[in-house]
Amino acid sequence: MPTTPLTVAVIGGGPAGLMAAEVLSQRGVRVHVYDAMPTVGRKFLLAGKGGLNLTHSEPLEQFLSRYGDHLPQIEPLLRQFGPQDLRDWAYGLGIETFVGSSGRVFPMEMKAAPLLRAWLRRLRADGVVFHVRHRWLGWTDEGALWFATPEGETAVSAAATILALGGGSWPKLGSDGSWVPLLQARGVPVAPLKPANCGFDVGWSDHFRQRFAGEPVKTVVLRFADFARQGEFVITETGVEGSLIYAVSALLREEVAANGRATFHLDLLPDRSEAYVRENLAKPRGSRSMSSHLQSRLGLRGVKVGLLRELVPAADFADPAQLAGAIKGLGVTVVGTRPLAEAISSAGGVMWAGLDERLMVTAVPGLFCAGEMLDWEAPTGGYLLTACFASGRAAGMGTVRWLDTP
Ligand SMILES: Cc1cc2nc3c(=O)[nH]c(=O)nc-3n(C[C@H](O)[C@H](O)[C@H](O)COP(=O)(O)OP(=O)(O)OC[C@H]3O[C@@H](n4cnc5c(N)ncnc54)[C@H](O)[C@@H]3O)c2cc1C
């Protein structure tokens, strides 16, 4: 097998890998980026279809709190390159950003493609060389990087390697988690990849599924354990997904894993007290159907009434107190977590105990990791991309330091 000498190999051309490549190339290091797919940044482009929520404008302390248990490891990275740095960096590529009504930050054009195009142009101008359709397979017996390419297998030597291979969600975009056993075989501790920001199965009746799959459920409060938030979600063929569900998904996932099920409660009328709901339900309805009573007295209709019919025993509809209780706290039991392949992101990954503060794998000197393949998770809202960029930058800087003083 031919061996090509080069300086640093970055494997994975998503936001984390490209940021690492940028840091290195701007410091005069020769960088080669390898990616399994025919083009780089495919998941980043997909994120652009939803408007590309790059980051969030809330105060840094609040922003940091979104990383939960992994805050101690993520915080130093975000203090070096935080939400405002990311906006300034995008501006440097000619991409202006704005703060949406929810505080989320988007590019003016609400797309990823212009940013990615400008970025790749700048990286190429800085001397970064791209090798697409190069699937990393591990190492040769001699310790070289080993790739499958359309021309066959090839080995590449590098002074240092940065892995930015992503998690396991949406594998058709390139990140399929196939790196997990490769790193475990080298003694790198890896927490199993799990779905994060994911949907759940409920097991709707055929009648409910046929009528309401795809319908948004708007302006409800969802409560589960200490979690309580107003928002919206979507009914799916098998259960529930969408922003409010993603926000509570880590808690639901762990409960389902432990007990096989998890029950959250919905307040379908968050602006009305339970007493108000009960009094209005108790008013005479004459010859009107229950549906028109619910609509005329409380403004409840469509999917919200569908949920009540699906989940509340028929006898409770005759009892204003029982029905009011259900409207203000409807129990929805989820019985399964949707698969990782469908999730927005992954939890789990390379454990921090196996890395030093430069994001170098202690078991394999000269090997660095960045992005979603590290063991952290965060809700949607721009927190995912921000930490991917920040960790890519940290791994690039760490590599520069290691090349100077191994
Ligand atoms: C539908 C959707 C919408 C999203 N929207 C947002 C959003 O609005 N805001 C936000 O913050 N986040 C969003 N995310 C999450 C965000 O896109 C990811 O967290 C981010 O792209 C991860 O970056 P990364 O560089 O770590 O990995 P990736 O972007 O996954 O890149 C990894 C790269 O490694 C390559 N690779 C993997 N294995 C190999 C191998 N063996 N050999 C060679 N190459 C390999 C892949 O081809 C890929 O190009 C969204 C995700 C999805 C699925």
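Residues numbered from 1 in each chain as written. Predicted model: local features only at pLDDT ≥ 70, side-chain atom pairs only at ≥ 80, totals over all residues. Heavy atoms only, no water.

## Re the sheet that holds strand 14 (residues 239-241)
Turning to step 1, where the next piece is worked out: Read from one edge to the other, the open sheet built from seven strands follows the order 16-15-12-13-14-11-17, with strand pairing classed as antiparallel. Edge positions in the open sheet fall to strand 16 (330-334) and strand 17 (336-337), since each of these has one partner strand only.
Turning to step 2, where the next piece is worked out: Taken together, the two bridges between strand 11 (residues 200-201) and strand 17 define a ladder with antiparallel strand orientation. Considered in strand 17, the bridge of phenylalanine 200 is made with threonine 337.
Turning to step 3, where the next piece is worked out: In the packing of helix 9 (residues 243-259) onto the sheet, the strands contacted are strand 11, strand 12 (216-224), strand 13 (227-235), strand 14, strand 15 (262-267), strand 16 and strand 17, and the crossing angle to strand 13 comes to about 105°.
Turning to step 4, where the next piece is worked out: Contacts from helix 12 (residues 302-311) reach strand 12, strand 13, strand 15 and strand 16, with the element oriented near 50° to strand 12. (Pairing = 2+ DSSP bridges. Helix = DSSP H or I, 4+ residues; strand = E, 2+ residues; numbered from the N terminus. Contact = heavy atoms within 4.5 Å. Axes fitted to C-alpha atoms, helices over the stretch in contact; angles between N-to-C directions.)

## Structural notes on the site of the ligand
Turning to step 1, where the next piece is worked out: Close to the ligand lie 30 residues; Asp35, Trp136, Ser175, Glu372 and Leu385 are nearest.
Turning to step 2, where the next piece is worked out: The contact in question runs from an oxygen atom of the ligand to an N or O atom on the backbone of leucine 385, over 2.7 Å.
Turning to step 3, where the next piece is worked out: Alone, the ligand offers 1,000 Å² of accessible surface; in the complex the protein occludes 94% of this.
Turning to step 4, where the next piece is worked out: Sorting the residues of the shell around the ligand by element identifies helix 1 (15-26), helix 2 (42-49), strand 7 (135-139) and helix 14 (383-404) as the ones contributing at least two each.
Turning to step 5, where the next piece is worked out: Its residues assigned to classes, the shell around the ligand comprises 16 nonpolar, 10 polar and four charged. (Near = heavy atom within 4 Å. Polar contact = N/O pair within 3.5 Å; in protein donor to acceptor, adjacent residues only side chain to side chain. Areas by Shrake-Rupley, 256 points an atom, 1.4 Å probe, with all protein chains shown as cover. Nonpolar A, V, L, I, M, F, W, Y, C, P; charged D, E, K, R; others polar.)

## Section: the sheet that holds strand 3 (residues 55-56)
Turning to step 1, where the next piece is worked out: Overall, antiparallel pairing links the three strands, which are arranged 3-5-4 in an open sheet. With one partner strand each, in any of the chains shown, strand 3 and strand 4 (97-99) form the two edges of the open sheet.

## Quick notes on the pattern of salt bridges
Turning to step 1, where the next piece is worked out: Counted according to the given criterion, the structure contains 15 salt bridges.
Turning to step 2, where the next piece is worked out: Residue arginine 209 is joined to aspartate 206 by a salt bridge in which the shortest nitrogen-to-oxygen separation is 2.7 Å. Of this pair, arginine 209 and aspartate 206 both sit in helix 8 (residues 206-212), three residues apart, which is roughly one turn of that helix.
Turning to step 3, where the next piece is worked out: Residue classification places arginine 209 among the partly exposed positions, given a relative accessible area of 22%.
Turning to step 4, where the next piece is worked out: Glutamate 237 is the salt-bridge partner of arginine 209, the closest N and O atoms lying 3.4 Å from each other. With arginine 209 in helix 8 and glutamate 237 in the loop between strand 13 and strand 14, the pair connects residues that are 28 residues apart, well separated along the chain.
Turning to step 5, where the next piece is worked out: Glutamate 237 gets classed as partly exposed once you look at its relative accessible area, which sits at 48%.
Turning to step 6, where the next piece is worked out: Among the charged side chains, a salt-bridge network with shared partners connects Lys194, Arg253, Glu254 and Glu377. (Salt bridge = Lys/Arg side-chain N within 4 Å of Asp/Glu carboxyl O. Buried < 20%, exposed > 50% of the residue type's maximum accessible area, 1.4 Å probe, protein only.)

## Quick look at the state of the cysteines
Turning to step 1, where the next piece is worked out: Counted under the stated rule, the structure contains zero disulfides.
Turning to step 2, where the next piece is worked out: You can see cysteine 198 has no disulfide; the closest cysteine sulfur is in cysteine 388, sitting 17 Å from it. (Disulfide = S-S within 2.5 Å.)

## Observations regarding helix 9
Turning to step 1, where the next piece is worked out: When the terminal C-alpha atoms of helix 9 are compared, their 24 Å separation across 17 residues agrees well with the 24 Å that a helix rising 1.5 Å per residue should span.
Turning to step 2, where the next piece is worked out: A positive backbone phi angle near 80° is found at glycine 260, which sits one or two residues after helix 9. (Expected span 1.5 Å × (residues − 1).)

## Some points on the packing of helix 1 against helix 14
Turning to step 1, where the next piece is worked out: Running from N to C, helix 1 and helix 14 point in directions that differ by 35°, and their axes come no closer than 7 Å. Pair helix 1 / helix 14 crosses with right-handed handedness. From helix 1, Pro15, Ala16, Met19, Ala20, Val23 and Leu24 reach across to helix 14, where they touch Leu385, Cys388, Phe389, Gly392, Arg393, Gly396, Met397, Thr399 and Val400.
Turning to step 2, where the next piece is worked out: Here the contact of helix 1 with helix 14 is built from residues that sort into 11 nonpolar, three polar and one charged. (Left-handed = near helix turned anticlockwise from the far one by under 90°.)

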